[in-house]
Amino acid sequence: MTSETTVTREAADDTASAPTPTPAVLVVQHEEDAGPGLVGDHLVRAGLRLDVVRAWQGEPLPEDLRGHAGLLVLGGSVNCRDDGAAPWLPRVRTLVREAVAGEVPLLGICLGGQIVADALGGSVVTRSRGPELGAVPLRRLAAADGDPVLGGVPEGARAAQWHWDEMDRLPAGAVPLLTGDDCPYQAFRVGPVGWGLQFHPEAESDTVARWAEADDAQVRADGGDPAAVVASVREADPELRTVWGAVSEAWGAVVQAHARRTHRMRHEP
């Protein structure tokens, strides 16, 4: 009996001390030119694996978040409620709710942030004053102090913007973190480890240039100058890489912490 007990405890100790496997982040990509970009580069650098689902190509989303330590929902041109154009959106909303309920780290970018807000009871509208485009300075709100992901964003930091829709009401209990002169909800937190962003931390000027080329007619119809928009982002590129690279790594650290905690819980004797 003693010998068997000793062997069992040693096996448990070996399991508990086993190295944590590389944590995976489920990445929902909605269209070709809206990939994880700068954010993805920094998450990989932080030791995470990206499980990218190219939903617009018909790749299926998982039924749940088992096997994933984080959920990253990217941007796109569809409205967050246009299930006809993007039939995978109901599944994304379900995954968002699961992440928040289970305290799985969540990051929604532009359309992704709008999906987070909408799925949790907020609302998204089309901007009556036209799109917000280019490199735009953001302002910190009081709750940003001490936030594990956005707490280090400097006052006035610029972010790449490319959106015709915006959040006009956050979900109950959501905490606004960043705002702007022309868009009130630039970043917010839901629960302890969920974040929604209106801007594009993943985008640099080369990406925005492709968007400007694709949307040239629409931007001009709305009174914008595509070349000037791209130039504003290109001038801001060094700042974008520094600020939003650091934010990406901060969110990656939250994912890593969640993965370690989950690993320990599963292997406790």
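For the structure itself, consult the block above.
Participant: Can you break down the state of the cysteines residue by residue, with the values?
Facilitator: Within the structure shown, the criterion is met by zero disulfides. Among the cysteines around C110, which has no disulfide bond, C183 carries the closest sulfur, lying 9.0 Å off. Accessibility expressed as a relative area gives 3% for C110, which makes it buried. We classify C183 as buried; its relative accessible area is 0%.

Participant: An account of the environment of Q57 is requested, with residue identities and associated values reported.
Facilitator: Structurally, Q57 can be placed in the loop between strand 2 (49–54) and strand 3 (70–73). Counting along the chain gives 28 residues from Q57 to Q29, while the straight-line C-alpha distance between them is 9.6 Å.

Participant: Mind laying out the pattern of salt bridges, listing which residues take part and the relevant values?
Facilitator: Any two side chains of opposite charge can pair, so long as their charged atoms come close to each other. If you walk through the whole model with that rule in mind, you get 18 salt bridges. As a salt-bridge pair, D182 and R127 come within 2.3 Å of each other at their nearest N and O atoms. With a gap of 55 residues between them, D182 in the loop between strand 10 (175–179) and strand 11 (187–190) and R127 in the loop between strand 5 (123–126) and strand 6 (132–137) connect regions that are remote in the sequence. Taking relative accessible area as the criterion, R127 reaches 5% and is therefore assigned buried. Residues joined by salt bridges that share partners form a network here, namely R127, R129, E166 and D182.

Participant: A description of helix 5 (residues 205–214) should follow, citing residues and the corresponding values.
Facilitator: Buried residues of helix 5: S205, T207, V208, W211 and A212, and no others. Buried residues of helix 5, viewed axially, fall in a sector of 155 degrees; they line one side. Projecting away from the buried face of helix 5 at angles above 90 degrees are the exposed residues E213 and A214.

Participant: Which residues make up the sheet that holds strand 3, and what values do they have?
Facilitator: Pairing is mixed in the open sheet, where eight strands are placed in the order 2-1-3-4-12-11-10-7. Strand pairing shows two members of the sheet lacking a second neighbour, strand 2 and strand 7 (139–140), which therefore form its edges. Pairing geometry for strand 3 and strand 4 (residues 106–109), over three bridges, is parallel. In the strand pairing of strand 4, V73 is matched with G108.

Participant: Tell me what's going on with the side chain of R127, and back it up with residues and numbers.
Facilitator: Within the local environment of R127, its side chain forms a polar contact with the backbone oxygen of G130, the two atoms lying 2.7 Å apart. Other than its neighbours up to four places away in sequence, R127 contacts E132, H163, W164, D165, E166, D182 and C183.

Participant: Can you explain the packing of helix 3 (residues 89–102) against helix 4 (residues 111–119)? Please cite residues and give values.
Facilitator: Any two packed helices are characterised by how steeply their axes cross, that is the angle between the axes, and by the distance between the axes. Viewed as axis vectors pointing N to C, helix 3 and helix 4 meet at an angle of 70 degrees, and their least axial separation amounts to 9 Å. Here helix 4 runs roughly perpendicular to helix 3, going by the angle between their axes. Packed against helix 3, whose contacting residues are L89, V92, R93, V96 and R97, the element helix 4 presents I115, V116, D118 and A119 at the interface.

Participant: Give me the packing of aromatic side chains: which residues, what numbers.
Facilitator: Within a pair of aromatic rings, the relevant descriptors are the distance that separates the centres and the angle that separates the planes. In this structure the tally under the stated criterion is three aromatic pairs. Taking 4.7 Å as the distance between ring centres and 45 degrees as the angle between the ring planes, the aromatic pair formed by F199 and W244 counts as tilted. Separated by 45 residues along the polypeptide, F199 in the loop between strand 12 (194–197) and helix 5 and W244 in helix 7 (residues 226–267) bring together distant segments of the chain. F199 sits in the buried class, given a relative accessible area of 0%. Take W244: its relative accessible area is 1%, and that puts it in the buried class. An aromatic cluster is present here, built from W162, W164 and W211 joined pairwise through their rings.

Participant: Mind laying out the nonpolar core, listing which residues take part and the relevant values?
Facilitator: Counting residues in each nonpolar core, the largest one holds 48 residues, and the members touching the most others are L72, L150, W162, W195, V208, W244 and W251. It is helix 7 that provides the largest number of residues to this core, a total of twelve residues. Those residues in contact with W244 that lie beyond four places of it in its chain are L38, L138, L150, V153, R158, A159, L178, F199, P201 and E239. Judged by nonpolar contacts, the second largest core, of 30 residues, contains C80, L89, V96 and L111.

Participant: I'd like to hear about the pairing of strand 4, residue by residue, with values.
Facilitator: Residues of strand 4 alternate between two faces, with L106 and G108 on one and L107 and I109 on the opposite face, all of them buried. Each parallel crossover has a hand, and for strand 3 linked through helix 3 to strand 4 it is right-handed. As paired strands, strand 4 and strand 12 are joined by four bridges and run parallel to one another. When the sheet's bridge partners are listed, L106 is paired in strand 12 with G194.

Participant: For helix 3, give the residues involved together with the corresponding values.
Facilitator: The end-to-end C-alpha distance of helix 3 is 20 Å, a good match for the 20 Å that 14 residues give at a rise of 1.5 Å each. The complete set of buried residues in helix 3 reads L89, V92, R93, L95, V96 and A99. Down the axis of helix 3, the buried set is contained in an arc of 160 degrees. They therefore lie on one face. Looking at the packing, one finds that the buried side of helix 3 touches strand 1 (24–29), strand 3, strand 4 and helix 4. Immediately downstream of helix 3, the backbone of E103 shows phi near 55 degrees, a positive value.

Each value, and the rule that gives it
- Counting restarts for each chain, with residues numbered from 1 along the sequence as it is written.
- Confidence filtering applies because this is a predicted model: local features only for residues at pLDDT of at least 70, side-chain atom pairs given and counted only at 80 or more, and all residues used for totals across whole chains, interfaces and linings.
- Only hydrogens and water are set aside; all other atoms, that is, all heavy atoms of the structure, feed into the side-chain values.
- The rule for a disulfide is simple: a pair of cysteine sulfur atoms within 2.5 Å.
- Only protein chains enter the accessibility calculation, which uses a 1.4 Å probe; a residue whose area is less than 20% of its type maximum is buried, one above 50% is exposed, and one in between is partly exposed.
- Only DSSP runs of H or I with at least four residues qualify as helices, and only runs of E with at least two residues qualify as strands; both kinds are numbered from the N terminus onward.
- Should a side-chain nitrogen of Lys or Arg be within 4 Å of a carboxyl oxygen of Asp or Glu, the pair is scored as a salt bridge.
- Working definition: the arc comes from the directions between the helix axis and the C-beta atoms, pointing outward to the latter.
- A pair of strands is considered paired only if DSSP assigns at least 2 bridges between the two.
- By the criterion applied in these results, polar contacts are pairs of N or O atoms within 3.5 Å in which, for protein atoms, one can donate a hydrogen and the other can accept it, and in which residues neighboring in sequence qualify only through two side-chain atoms.
- Working rule for contacts: check all heavy atoms of both residues, and any pair within 4.5 Å makes them a contact.
- To get an axis, a line is fitted to the C-alpha atoms, and for a helix only the part in contact is used. The angle between two axes follows their N-to-C directions and goes from 0 to 180 degrees.
- Angle categories are assigned with fixed cut-offs, so that under 35 degrees is roughly parallel, over 145 is roughly antiparallel, 65 to 115 is roughly perpendicular, and the rest are oblique.
- Only Phe, Tyr and Trp rings take part, Trp by its six-membered ring, and two of them pair if their centres are within 6.5 Å. Stacked means planes under 30 degrees apart, edge-to-face means over 60, and tilted covers everything else.
- As used in this record, nonpolar core signifies buried Ala, Val, Leu, Ile, Met, Phe, Trp, Tyr and Cys residues forming a set joined through side-chain atoms within 4.5 Å.
- When the strands point away from the viewer and the path from the first strand over the helix to the second turns clockwise, the crossover is right-handed.
- Given a helix with a known number of residues, its expected span is that number minus one, times 1.5 Å.

None of this, on its own, says anything about what the molecule does.
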